[in-house]
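Commentary on secondary and tertiary structure
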Amino acid sequence: MNRILVTGGTGYIGSHTVVELMQSGFEVVIVDNLSNSNIEVLDGIEAIVGKRPAFENIDCTDYVAMNALFEKYTDIVGVIHFAASKAVGESVEKPLLYYRNNIGSLICLLEVMKAHKVHNIVFSSSCTVYGQPDAEHLPVTEDAPIQKALSPYGNTKQINEEILSDAAHADCELHVILLRYFNPIGAHPSALIGELPNGVPQNLLPFVTQTAAGIRKELKVFGNDYNTPDGSCIRDYIYVVDLAKAHVIAVSRQLENKADTQVEVFNLGTGKGLSVLEILNTFIKVTGVNVPYQIVGRREGDIEQVWANPKKANEILGWKANTPTEDILASAWKWQQHLAGK
Ligand code: UD1
């Protein structure tokens, strides 16, 4: 039996990945301490897949508990590591918490993996490592320079990429795939799982859907004086289900020994940049629901424009994010309505 350990598997991207893994025939064990997710996510996964994934409430920084996990599930052949704290603003307030959680968990995981001879890890990284690329580096390829992180959260992604590279350098059996996500949005088409923001959403899409639902009075668009066609910031919004599928391909690639090098890195994006106002207007058009908004000042630390060149992932992984934006936004709205009906 091939079992994949998914840390952070009840989280937003983790839960969608668990669904895709199980639907591809993998056994899964989720490890999550539920610090930023809900146990009911398991019901959603079970309703979609027809089977409940194994779940262990463990903190990934706890070596003793993680070691016991690997002793219990002796069929683990690969790890997808999502578990991390991810709020940029909070990371500025509580840097030590972020360094302890995000870096401590990876170190612990790598030590336990080595002790149990598990040699494959897929790591959840971010386009945040590129900062604001120069015009000549847009769209961004994997070779674009890494820039100094703007927050402790971003720094933990960079440091973890380095830890993984160093660990692979020292251990010729270790195989690492670094997946640099652009902006994941949307929810499973069943609307049985989706993003569950804690408190006031910081990310654009949950704020849009909550405003459409009347939970928030109005969306604040952070700046319309950027050097972009409509003045608002540009991002590469990728459907979370497309993103989840890339993980199944990555982990399968490792299990089939297809990796070209011990450490591989892929940008996961659509290759298309959309502005905040384009997202907003498309959402209104697709759902027919009005979203009151106001243009306000720029958000500190925001990047003007970034979108991916996903050619490497398209060609080497044979993966493409091709869900139309309209369908993605409709899925986000369906999920918001599902939440309202609970
Ligand atoms: C943010 C993080 C990034 C992290 C990612 C995770 C920052 C600076 N970056 O990316 O490190 O990996 O989340 O998903 O926080 N916007 C509004 N109004 C809102 C919310 C957002 O106009 O209420 C705009 C932002 O200015 C930005 C775009 O929407 O232009 C996307 O914002 P967001 O969803 O927060 O993602 P990022 O800033 O790209």
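Sequence order sets the numbering: in each chain, residues are counted from 1 along the sequence as written. Thresholds applied to this predicted model are a pLDDT of at least 70 for local features of residues and 80 or more for the giving and counting of side-chain atom pairs; totals over whole chains, interfaces and linings are not thresholded and use all residues. Just so you know, side-chain values use all the structure's heavy atoms and leave hydrogens and water out.

1. Things to note about unusual backbone geometry
Omega for the bond connecting Leu138 with Pro139 falls within 30 degrees of zero, at -10°, which places this linkage in the cis form. Structurally, the position occupied by Pro139 is in the loop between β5 (120-126) and α6 (152-170). Despite not being glycine, Lys117 shows a phi value in the positive range, around 55°. Tracing the chain through its elements places Lys117 in the loop between α5 (95-115) and β5. The backbone phi angle of Asn257 is positive, close to 55°, even though this residue is not glycine. Counting from the N terminus, the helices are DSSP H or I runs at least four residues long and the strands are E runs at least two residues long. Here Asn257 shows up in the loop between α8 (240-255) and β11 (263-268).

2. Some points on the sheet that holds strand β2 (residues 27-31)
Between any two strands, at least two bridges found by DSSP are needed for them to pair. The seven strands are arranged β3-β2-β1-β4-β5-β6-β11 in an open sheet whose pairing can be described as parallel. Sheet topology places β3 (54-56) and β11 at the edges, where each strand pairs with a single neighbour. Each strand of the sheet is rotated relative to its neighbour by a mean of 20°, with strand direction disregarded. In this sheet, β2 lies alongside strand β1 (residues 3-7) in parallel orientation, the contact comprising five bridges. If you follow Arg3 over to β2, its bridge partner there is Glu27. Contact definition: two residues touch when any of their heavy atoms are within 4.5 Å. A fitted line through C-alpha atoms represents every axis, and for helices the fit uses only the stretch in contact; the resulting angles, taken between N-to-C directions, go from 0 to 180 degrees. Seen against the sheet, α6 touches β5, β6 (175-181) and β11 and runs at an angle of roughly 155° to β5.

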